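Here is how the chains run, residue by residue.
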Amino acid sequence: MKDRLRGPAPNRRTVLAAGLGVALGAGPGVAAGESSQSPGRPSRGRFDRAAYARYIALMNAGDLRFVDYYADDVRFVMGIRGRADVRAFYQRQQPFVRERLDVLFFCADTHGAAAQVRSEIRCIRDCDDHGLFGRALRAGERQVIRGCLLYSLNAAGQITAVDGPPPEILEPWHSAG
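Fair warning: this is a prediction, and the values are worked out from it, not measured in the lab.

1. Considering the state of the cysteines
- Under the criterion given, the structure shown has 0 disulfides.
- Left without a disulfide partner, cysteine 123 is nearest to the cysteine sulfur of cysteine 127, which lies 6.8 Å away.

In C-alpha cells form, the structure reads like this:
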C-alpha cells in the first residue's frame, strides 16, 4: 500500500526538480554579474553557501547558466550524464514549467555539499511530452516537493555528481485553482 503522505512514486521530473535544487550561475566562487576566468566556465572557488545561493537564484530565474556549476562529465540524477545533457533536459522543459526552489538547509566542505530544498513547479503551458513529467500536464497545474540533495565536488569546486533519495511529494500535481 502506498504511503499516503508521500504520494505516488516520483517520476523523472519530480526527481530532477528536487535535484536541481538544483540552479544557475557564472560558477562557484563568482559573484553575480562577474565573469568567470573563461567564458562559460566556473572559476576555481568554494561551493559555499553564497555560491549555492547564486546557483539557486539563477535556477529560479530560469537562467540556464546553472550548468556552469557542473563538471563536463557530471553524473546527474535519473541517469543524465554530462553538462550538455543536463542543459538539453532543462531547455526541453523550460517552455512548460516554472520552478521555485527554497533552500531549507545547506552545508558544505571542500569535497561535497548537502541541501534540503522545497520546490514548487507550475505548469505554464500544456505539455503532452510524457518523457518530461511522466504524464501530460495542463497549464495551471502545480506540484510541491521537498528533497535532499547530495553534491560531490572536484578540486575546482565544480559539481561532479548530484544524488539523493527520492523526494517527498508534499502536493501531487493538481490544478492550482
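2. A closer look at the pattern of salt bridges
- According to the stated counting rule, one finds 12 salt bridges in the structure shown.
- For arginine 122, the salt bridge goes to glutamate 120, with nearest N and O atoms at 2.7 Å.
- Salt-bridge contacts for arginine 142 lead to glutamate 120; the nearest nitrogen and oxygen are separated by 2.8 Å. Linking arginine 142 in strand β5 (residues 141-153) with glutamate 120 in strand β4 (residues 112-123), this pair joins segments that are 22 residues apart in sequence. As far as burial versus exposure is concerned, arginine 142 and glutamate 120 are alike and both buried.
- Salt bridges linked by common partners bring Glu120, Arg122, Arg142 and Glu171 together as one network.

3. Observations regarding helix α3 (residues 83-93)
- Among the residues of α3, Arg83, Val86, Phe89, Tyr90 and Gln93 are the ones counted as buried. Axial view of α3: buried residues confined to an arc of 130°, hence all on one face.

4. Comments concerning the environment of tyrosine 55
- Mapping tyrosine 55 onto the fold places it in helix α2 (residues 49-60).
- The buried category is assigned to tyrosine 55, whose relative accessible area is 0%.
- With 11 residues separating them in the primary sequence, tyrosine 55 and phenylalanine 66 have C-alpha atoms 6.0 Å apart.

5. Remarks on the packing of aromatic side chains
- This model, assessed by the stated rule, comprises 16 aromatic pairs.
- Judged by centre distance (6.0 Å) and plane angle (80°), the ring pair of phenylalanine 47 and tyrosine 55 falls under edge-to-face.
- On the basis of an interplanar angle of 70° and a centroid distance of 5.7 Å, the ring pair of tyrosine 70 and phenylalanine 76 is categorised as edge-to-face. Just as tyrosine 70 is buried, phenylalanine 76 falls in that class too.
- Every member of this aromatic cluster is reached through a ring pair, and the members are Phe47, Tyr52, Tyr55, Phe66, Tyr69, Tyr70, Phe76, Phe89, Tyr90, Phe106 and Tyr151.

6. Here we look at the pairing of β4
- With 9 of 12 residues buried, β4 is to be regarded as a mostly interior element.
- Bridge count between strand β3 (residues 97-108) and β4: 11 bridges; the pairing is antiparallel. Looking across to β4, one finds that cysteine 107 is bridged to alanine 114.
- Hairpin connection of β3 to β4: 3 residues between the antiparallel strands.

About the thresholds
- The residue count restarts for each chain, going from 1 along the sequence in the order it is written.
- Residue-level local features of this predicted model are given only where pLDDT is at least 70; pairs of side-chain atoms are given and counted only at 80 or more, and the full residue set underlies all totals for whole chains, interfaces and linings.
- Based on all heavy atoms of the structure, the side-chain values leave hydrogens and waters out of the count.
- Disulfides are defined in this document as cysteine sulfur pairs within 2.5 Å.
- Any Lys or Arg side-chain nitrogen located within 4 Å of an Asp or Glu carboxyl oxygen qualifies as a salt bridge.
- To qualify as a helix, a DSSP run of H or I must reach at least 4 residues; to qualify as a strand, a run of E must reach at least 2; elements of each kind are numbered from the N terminus.
- Relative accessible area decides the class of each residue, using a 1.4 Å probe on protein chains only: under 20% of the type maximum gives buried, over 50% gives exposed, and in between gives partly exposed.
- What the arc measures is the spread of directions leading from the helix axis to the C-beta atoms.
- Working definition: rings of Phe, Tyr and Trp (its six-membered ring) pair if their centres are within 6.5 Å, and the pair is stacked with planes under 30 degrees apart, edge-to-face with planes over 60 apart, and tilted otherwise.
- By this definition, two strands are paired if DSSP reports at least two bridges between them.

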